Amino acid sequence: LGTDVFDEAVRSTCDVASHCKRYAISVGYWKDPYIEYFVSHPKERKAPEISRGYYARVQGVGRLLKAFLEKTKCNCQIINLGAGMDTLFWKLKDENLLPMKYFEIDFPSIVSRKIHYIKSKPPLSKPIMESHSGETLLIDAHGLDSSRYAIIGGDLRDLPRLEEKLKKCHMDPDLPTLLMTECVLIYMTTEHSTCLIKWVGGMFRSAMFINYEQVNMADRFGQIMIENLQSKQCELVGADACRSLDTQKERFLIHGWETVNALDMLKVYQSLPPDDIKRNVQNSLITSGNCPRNDMVWRGNGTFQSSPERSVPELITA
Ligand code: SAM
């Protein structure tokens, strides 16, 4: 498969993720007043298991991130790798939890689209202006650099260029740094994602890396990409790197990270506020026409499978 076609399929996962999030938000799984500025309302319903999966993912990542901000008293920087249409900057600003600087990186075409929305929608541009001080804010079609928010068009596989662009936007290797990849490394080859993990490990004096991704996807990843590409010739990409939680941990440990924890999303889901979970199960019953049982597992290919021991979707999402 050609690189261009493959990259285009990877970029399309940005739309899948933001549409699923927008849908789950619109039916009440969690609140996000900014997503509507980046994504139109999806025409078709999403399976309740998908919405619950996204809810667990967003809350799980959000909890770790807030713990980091608390520990560093916001005297830190956040680098969101493969950020897509993420709205975190705006939500943190509302909660008065902005780090010293928040960076986002994605492919240039995704970044151009995001910048277009930011420029044309005051609820997005105003918070950036309000948090900006000092010199002129730099903005063009491929990047934006303000005092507290920067968005950079680049390729996570080209680390020298990425480092150069981040430094130009005043990334500070001495500041405690939170790196996050939410459903991103799986779309890179093991070789490329390993280089990224290594680069981060060696770049910052003190850093934390939040990585959310599927494990044991060897036989399912092809399916997702095939759906995206409508082609049967897809390679398996990151699947080798993530056969289990242990292999996930190992790849960080052998590439310069001192401590690594890996959590099954079922555990994360069970640790979320019980009232939210109860509301979301009720929500699932209302939003699905045919009342899925709570012990059914969403298989990612449009089918449910009864599962006595799992009560959360396996997170087959982009
Ligand atoms: N993190 C966002 C979220 O959870 O809503 C988006 C997730 S989406 C599944 C994966 C994102 O990673 C896409 O926006 C894609 O363009 C980006 N991405 C994947 N590989 C990349 C690369 N090599 N360079 C830059 N961005 C990349």
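Owing to the predicted nature of the structure, the values given are computational and were not obtained by experimental measurement.

Draft legend 1. A look at the nonpolar core. L65, W90 and Y149 are the most contacted members of the largest nonpolar core, which totals 57 residues. Among the elements that line this core, the one with the most residues is helix α2 (residues 48-72), at nine residues.

Draft legend 2. How the structure looks around the sheet that holds strand β5 (residues 149-153). The seven strands are arranged β3-β4-β5-β2-β1-β6-β7 in an open sheet whose pairing can be described as mixed. Strands at the two margins of the open sheet, each flanked by one partner only, are β3 (138-140) and β7 (207-212). Taken pair by pair, the neighbouring strands of this sheet meet at an average axis angle of 15 degrees, ignoring direction. Pairing geometry for strand β6 (residues 177-182) and β7, over six bridges, is parallel. Bridged to T181 within β7 is N211. With respect to the sheet, helix α4 (residues 108-120) is in contact with β2 (101-106), β3, β4 (143-145) and β5, its orientation differing from that of β5 by roughly 140 degrees.

Draft legend 3. Examining helix α9 (residues 245-253) more closely. For α9, every residue scored as buried is listed here: Q248, R251 and F252. Seen from one end, α9 has its buried residues packed into an arc of 100 degrees, which puts them on one side. On its buried face, α9 is in contact with α7 (190-203) and β7. Among the residues of α9, the N-terminal cap falls to S244, whose side-chain oxygen and the backbone nitrogen of D246 are separated by 3.3 Å.

Draft legend 4. Quick peek at the packing of aromatic side chains. Applying the stated criterion across every chain yields a total of twelve aromatic pairs. Summarising the aromatic geometry, the rings of Y55 and Y269 are spaced 6.3 Å apart at their centres and angled 90 degrees between planes, so their arrangement reads as edge-to-face. Of this pair, Y55 sits in helix α2 while Y269 sits in helix α10 (residues 265-271), and the two are 214 residues apart along the sequence. Here the two residues Y55 and Y269 agree in accessibility, since each one is buried. An aromatic cluster is present here, built from F38, F89, W90, Y102, Y117 and Y149 joined pairwise through their rings. Note that R11 overlies the ring of F107, its terminal NZ or CZ placed 4.8 Å from the centroid. Lying across the ring of F38, K114 places its NZ or CZ 5.3 Å from the centre.

Draft legend 5. Expanded view of the site of the ligand. Around the ligand, the structure places 21 residues, and the nearest of them are K21, R57, G82, D106 and L156. In this structure, R57 approaches the ligand through a side-chain N or O atom, which is 2.8 Å from an oxygen atom. Between a nitrogen atom of the ligand and a main-chain N or O atom of E182, the distance comes to 3.0 Å. Notes on the ligand: free accessible area 590 Å², of which the protein chains cover 99%. Sort the elements by how many residues they give to the shell around the ligand and helix α1 (residues 3-26) lands first, with six residues. When grouped by side-chain class, the residues that make up the shell around the ligand number ten nonpolar, four polar and seven charged.

Rules used in this analysis
- Residues numbered from 1 in each chain as written.
- Predicted model: local features only at pLDDT ≥ 70, side-chain atom pairs only at ≥ 80, totals over all residues.
- Heavy atoms only, no water.
- Core = buried A, V, L, I, M, F, W, Y, C linked by side-chain atoms within 4.5 Å.
- Buried < 20%, exposed > 50% of the residue type's maximum accessible area, 1.4 Å probe, protein only.
- Helix = DSSP H or I, 4+ residues; strand = E, 2+ residues; numbered from the N terminus.
- Pairing = 2+ DSSP bridges.
- Axes fitted to C-alpha atoms, helices over the stretch in contact; angles between N-to-C directions.
- Contact = heavy atoms within 4.5 Å.
- Arc of directions from axis to C-beta.
- Polar contact = N/O pair within 3.5 Å; in protein donor to acceptor, adjacent residues only side chain to side chain.
- Phe/Tyr/Trp six-rings, centres within 6.5 Å; stacked < 30°, edge-to-face > 60°.
- Lys NZ or Arg CZ within 6 Å of the ring centre and 35° of its normal.
- Near = heavy atom within 4 Å.
- Areas by Shrake-Rupley, 256 points an atom, 1.4 Å probe, with all protein chains shown as cover.
- Nonpolar A, V, L, I, M, F, W, Y, C, P; charged D, E, K, R; others polar.

Purely geometric stuff here, so don't read any function into it on its own.
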